[in-house]
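Chains, contacts and geometry: an overview
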Amino acid sequence: MTSVLVVGAGLAGSAAAIAFARGGASVDVVESSPRDLALGSGITLQGNALRVLRELGVWDEVREHGYGFDTLGFRAPDPTGTLLFEMKDARTGGSDLPASMGMERPVLASILHAGAERAGARMRFGTAAHSLAQDGSAVDVTFSDGTLGRYDLVIGADGVRSWTRKAVGIDLMPKPTGMGIWRLVGPRPNSVTRTDIIYGGAGYIAGYCPTGPNSMYAYIVEDARDRTGSSPEQRLEVLRGLAQNYHGPWDDIKNHIDDPATVNYTWFETHVLDGPWHRGRVVLIGDAAHCCPPTVAQGGAQALEDSLVLAEMVLATDEISETVLEAFTARRLPRARAVVEASVQIGTWMLEHDADADIPGLMGRVAALVSEAP
């Protein structure tokens, strides 16, 4: 039986825990944050992400708590929010799954945590990995609570600023792309039944996504600005001002921009680890290995795919070797890199106000790519 430590209990880490535990491995998961501190507003899961969640055995719960839709709308930044056109969205997970599903991030986290524990993984919240030492046959790990562990494989799924990545000597930090995003969570108006996107207006992009029967998130993308000195109340007022420029369903959304705690502002960042994603028996997945702006809504999907593919490849071998971990990177890197590059390219086109940008064409090529099995 393979013993596995997963560092991080986000999408990638929780999915890896489920996949390895269901495959018969002994799995420990450590997460430095408390269990009830699942950060984030909402997430858009495209069909290829839903395909992985089905493979992990949590699709029924995801379907119950999320909000699925099969079309995408495009509106004008005019005084009525004119619907320019509606199109069928690509069903990248297959015809038997929705094209997209919106979910509240804390709800999805809870489903994945429970799924990992049902599969047999041991989840330890409020605990971090403190040090790693490899001897060729296993990895010795000390934890922040003073305990020790020895594992056949350590998976670094601890996000954009991964401790694991730094601990194994990989010098890689995310770079800002030049855009910042305002996010708002709130009740779902009846007018919000799918994602609609507005290009232009007060920001580069304004949009929204239903995340459940009674919830949604909305967002506005602007030039990256230093908002660190702004109070929550000041941030609320900035978002209110930007939102006044958008209409259609935004007129209903604006009625609920009244609580500073529901507003979040972050910069778009990106990186790709272009060499092997492992050092010895420590391997990186998800945002620890690659992260992208949300312009093609594939960050979470690529993290989920990493988890499933890694478990499939490792559990199919008699021993964990350089060969299998190198093959994992070779299989996943081209797809992840293509997604990251497309996400960054769309943002670059908007920052440069490129009139010849073929955003629909590029998004179509990404959809075709991720429709294939990972």
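Rules used throughout
- Residues numbered from 1 in each chain as written.
- Predicted model: local features only at pLDDT ≥ 70, side-chain atom pairs only at ≥ 80, totals over all residues.
- Heavy atoms only, no water.
- Helix = DSSP H or I, 4+ residues; strand = E, 2+ residues; numbered from the N terminus.
- Contact = heavy atoms within 4.5 Å.
- Buried < 20%, exposed > 50% of the residue type's maximum accessible area, 1.4 Å probe, protein only.
- Expected span 1.5 Å × (residues − 1).
- Axes fitted to C-alpha atoms, helices over the stretch in contact; angles between N-to-C directions.
- Parallel < 35°, antiparallel > 145°, perpendicular 65-115°, else oblique.
- Left-handed = near helix turned anticlockwise from the far one by under 90°.
- Nonpolar A, V, L, I, M, F, W, Y, C, P; charged D, E, K, R; others polar.
- Salt bridge = Lys/Arg side-chain N within 4 Å of Asp/Glu carboxyl O.
- Pairing = 2+ DSSP bridges.
- Lys, Arg positive; Asp, Glu negative; His and termini not counted.
- Polar contact = N/O pair within 3.5 Å; in protein donor to acceptor, adjacent residues only side chain to side chain.
- Core = buried A, V, L, I, M, F, W, Y, C linked by side-chain atoms within 4.5 Å.
- Patch = residues over 30% accessible without salt bridge, like charges linked within 9 Å, V, L, I, M, F, W, Y side chains within 5 Å.
- Areas by Shrake-Rupley, 256 points an atom, 1.4 Å probe, with all protein chains shown as cover.

Here we come to the environment of Val263. Among the secondary structure elements, Val263 is positioned in strand β17 (residues 263-272). If near-sequence neighbours (up to four positions away) are discounted, Val263 is found in contact with Trp182, Arg183, Leu184, Arg235, Leu236 and Leu239.

One non-glycine residue, Ala297, lies in positive phi territory at about 50°. By the element assignment, Ala297 lies in the loop between β20 (290-291) and α8 (299-315). Phi is positive for His353, close to 50°, though the residue is something other than glycine. For His353, the position within the fold is in the loop between α9 (322-351) and α10 (359-371). Judged by relative accessible area, His353 falls into the exposed class, the value being 63%.

A few words on helix α1 (residues 11-22). With 12 residues, α1 should reach 16 Å at 1.5 Å per residue; the first-to-last C-alpha distance of 16 Å fits that figure. The element α1 is largely enclosed, with a buried count of 11 among its 12 residues. Among the residues of α1, those classed as buried are Leu11, Ala12, Gly13, Ser14, Ala15, Ala16, Ala17, Ile18, Ala19, Phe20 and Ala21.

Turning our attention to the packing of α9 against α10. At a minimum axis separation of 11 Å, α9 and α10 run at an interaxial angle of 165°. In terms of orientation, α9 lies roughly antiparallel with respect to α10. Read as a crossing pair, α9 and α10 show a hand that is left-handed. Here α9 contributes Arg335, Ala338, Val339, Ala342, Gln345, Ile346, Trp349 and Met350 to the contact with α10, which in turn contributes Ile359, Leu362, Met363, Val366, Leu369 and Val370. Here the contact of α9 with α10 is built from residues that sort into 12 nonpolar, one polar and one charged.

For the structure shown, the criterion picks out 22 salt bridges. The partner of Arg118 in a salt bridge is Glu61, with the nearest N and O atoms 3.0 Å apart. Residue Arg118 is located in helix α4 (residues 105-119), and its partner Glu61 is located in helix α3 (residues 59-65); the two are separated by 57 residues in the primary sequence. Classification of Arg118 as exposed rests on a relative accessible area of 53%. A salt bridge links Asp135 to Arg150; the nearest nitrogen and oxygen atoms lie 2.7 Å apart. Linking Asp135 in the loop between β9 (129-134) and β10 (139-143) with Arg150 in strand β11 (residues 148-151), this pair joins segments that are 15 residues apart in sequence.

Let us look at the sheet that holds strand β3 (residues 42-46). What the three strands build is an open sheet, ordered β3-β7-β4; its pairing is antiparallel. The open sheet has two free edges, formed respectively by β3 and β4 (67-69), since each of these has just one partner strand. Across the sheet, the axes of successive neighbouring strands diverge by a mean angle of 20°, strand direction being ignored. Pairing of β3 with strand β7 (residues 100-104) involves five bridges; the strand directions are antiparallel. What sits directly across from Gln46, in β7, is Ser100. In the packing of helix α2 (residues 47-55) onto the sheet, contacts are made with β3 and β7, and the angle to β3 comes to roughly 90°.

The next thing to look at is the side chain of Arg188. Among the structural elements, Arg188 can be located in the loop between β13 (175-187) and β14 (195-199). Asp252 provides the closest opposite charge to the buried, salt-bridge-free Arg188, at an N-O distance of 9.5 Å. One polar contact links the side chain of Arg188 to the main-chain carbonyl oxygen of Val192, over a distance of 2.9 Å. Sequence-distant contacts of Arg188, defined by excluding residues within four places in its chain, comprise Tyr67, Thr193, Pro210, Gly212, Pro213, Asn214, Ser215 and Met216.

Where α1 contacts α8, the axes come no closer than 8 Å and their chain directions differ by 30°. Put simply, α1 runs roughly parallel to α8. The hand of the α1/α8 crossing is right-handed. Between α1, through Leu11, Ala12, Ala15, Ala16, Ala19 and Phe20, and α8, the contact on the second element is made entirely by Gly300, Ala303, Leu304, Ser307, Leu308, Leu310, Ala311, Val314 and Leu315. Classifying every residue of the contact of α1 with α8 gives 13 nonpolar, two polar and no charged.

Before going further, it helps to examine α8. With 17 residues, α8 should cover 24 Å at 1.5 Å per step; its first-to-last C-alpha distance of 25 Å lies within 8% of that length. Burial of α8 is extensive: 13 of the 17 residues sit out of reach of the surface.

Formed by 72 residues in total, the largest nonpolar core has its most connected members in Phe20, Val27, Val62, Leu153, Ile155 and Leu310. Counting residues per element, this core draws most heavily on α1, which supplies nine residues. When residues no more than four places from it in sequence are discounted, the contact partners of Val62 are Leu50, Leu53, Met101, Met103, Leu108 and Ile111. Formed by 26 residues, the second largest nonpolar core is a distinct cluster that contains Tyr67, Ile181, Val221 and Ile359.

A grouping of Leu84, Phe85 and Met87 is seen on the molecular surface, where their side chains present a nonpolar patch of about 290 Å² in accessible area. Structurally, Met87 is set in strand β6 (residues 83-88).

Quick look at the pairing of β11 now. The side chains of a regular strand alternate between both faces of the sheet. With burial as the criterion, only one face of β11 is covered, namely that bearing Gly149 and Tyr151; the residues Leu148 and Arg150 on the opposite face remain uncovered. One ladder, built from four bridges, connects β10 with β11; its direction is antiparallel. Directly across from Thr142, in β11, lies its bridge partner Leu148. Between β10 and the antiparallel strand that follows it, β11, lie four residues; Gly146 among them carries a positive phi value of about 90°.

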